Amino acid sequence: MTDLLVQALVEMKEAEALQRAKQLLGEGVAPLEILESCSRAMEIVGQRFEKGVYFLPHLMMAGEMLKQISGVITPLIQGQKTGGKGVKVLIGTVEGDIHDIGKNIVVFLLEANGFEVRDIGINQKPAKFVEAIKGFQPEVVGMSGLLTLAFDSMKKTVEAIEEAGLRKKVRIVIGGGVVTEKIKDYTRADAYAADAMAGVRLAKEWTKRG
Ligand code: B12
């Protein structure tokens, strides 16, 4: 009954939401399905925020509840360590954007699948991505962003990577909230991932050896 979890999250019932998530786990519901319900709840919270029913403290509370739940859930997601085999992935939230819950889930899943991940954090300028690519030499670069303004930051970051002569060395995947195929074209990234698992699958596909 993930509906009760969604309801608790939407109604900002912190203790109940965490308890519901744990209960679902206990009943054998798949961790990814629970995370999926959390995203559904966040959609509703976001809509209420847009309508002026909820305000910034509600977003903050939603973020807090989500962090707690993903802290319990993500470690239980079974990865297949064989896939990534130490392939390097660099990831960060682009300039102007501080949302990182989704990104952190991606990091976790990548690591669970055997990738070596360098997370450069939130609100990172294009130059920071370039510098980190030079130092870490990843094969895959992930950019996260949930704000509309993040699209331009992603575009600028891809351009900076091009200008630094590194574009052919990396495959770029973007993700987060409302990122779509269209945004992928706009930013000139290689792909977009609708969710964290899709990102992991792409990274595996891109770096498959032999
Ligand atoms: C929690 C939250 C916050 C928290 C964030 C806490 C944190 N540490 O991240 C706080 C309170 C800080 C916050 C702040 C703001 N927020 Co906010 N926030 C949200 C909310 C409710 C949930 C976001 C979330 O965590 N979702 C759950 C995660 C799991 O989903 P996700 O990030 O999409 O990630 C999944 C996939 O997309 C994917 N993924 C994500 N990144 C990547 C990257 C790669 C490479 C890959 C492969 C995959 C991938 O993997 C994840 C798991 O599958 C959303 C509403 C919504 N619908 O999302 C609004 C929302 C994103 N926020 C919004 C706004 C407006 C703001 C503020 C500007 C509010 C303000 N007036 O200050 C500030 C922005 C500050 C800034 N400069 O960034 C708007 C954005 C509107 C827009 N179009 O630009 C939204 C959509 C709400 C709304 N509907 O109005 N927010």
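That block above? That's the structure.
Throughout this document, residue positions are counted from 1 along each chain, in the order its sequence is written. Two thresholds apply to this predicted model, a pLDDT of at least 70 for residue-level local features and 80 or more for giving and counting side-chain atom pairs, whereas whole-chain, interface and lining totals are computed over all residues. Calculated side-chain values reflect all of the structure's heavy atoms, with hydrogen atoms and water omitted.

**Let's talk about the sheet that holds strand E5 (residues 191-193)**
Turning to step 1, where the next piece is worked out: Any two strands with at least two DSSP bridges between them are considered paired. What counts as a helix is a DSSP run of H or I of at least four residues, what counts as a strand is a run of E of at least two, and both are numbered from the N terminus. If you trace the five strands from one edge of the open sheet to the other, you get E2-E1-E3-E4-E5, paired in parallel fashion. Each end of this open sheet is capped by a strand with a single partner; those strands are strand E2 (116-119) and E5. For this sheet the average axis-to-axis angle between neighbouring strands, irrespective of direction, equals 25°.
Turning to step 2, where the next piece is worked out: Bridging between strand E1 (residues 88-93) and E2 involves four bridges; their strand directions are parallel. Considered in E2, the bridge of Ile91 is made with Asp119.
Turning to step 3, where the next piece is worked out: By the convention used here, residues are in contact when the closest approach between their heavy atoms is within 4.5 Å. All axes here are fitted lines through C-alpha atoms, helices being fitted over the stretch that makes contact, and every angle between N-to-C directions spans 0 to 180 degrees. In this fold helix H7 (residues 150-163) packs onto strand E3 (140-144) and strand E4 (171-175), with an angle of close to 155° to the strand it touches most, E3.

**Brief notes about the coordination of the cobalt atom of the ligand**
Turning to step 1, where the next piece is worked out: Note on donors: an N, O or S atom is included if it sits within 2.8 Å of the metal, or within 3.2 Å for Na, K and Ca, and water is never included, so sites can look incomplete. When only protein atoms are considered, the cobalt atom of the ligand has one donor, His99 (NE2), at a distance of 2.3 Å.
Turning to step 2, where the next piece is worked out: Relative to the assigned elements, His99 resides in the loop between E1 and helix H5 (101-112).

**Describing the packing of aromatic side chains**
Turning to step 1, where the next piece is worked out: Stacked, tilted and edge-to-face pairs are distinguished by plane angle, under 30 degrees for stacked and over 60 for edge-to-face with tilted covering the rest, among Phe, Tyr and Trp rings (Trp via its six-membered ring) whose centres lie within 6.5 Å. Per the counting criterion, the structure on display carries zero aromatic pairs.
Turning to step 2, where the next piece is worked out: Only Lys NZ and Arg CZ are tested; either one counts as a charge over a ring when it is within 6 Å of the ring centre and within 35 degrees of the ring normal. Positioned above the aromatic ring of Phe136, the side-chain terminus of Lys88 is 5.1 Å from the ring centre.
Turning to step 3, where the next piece is worked out: Geometry around Tyr186 places Lys155 over its ring, the cationic atom sitting 5.2 Å from the centre.

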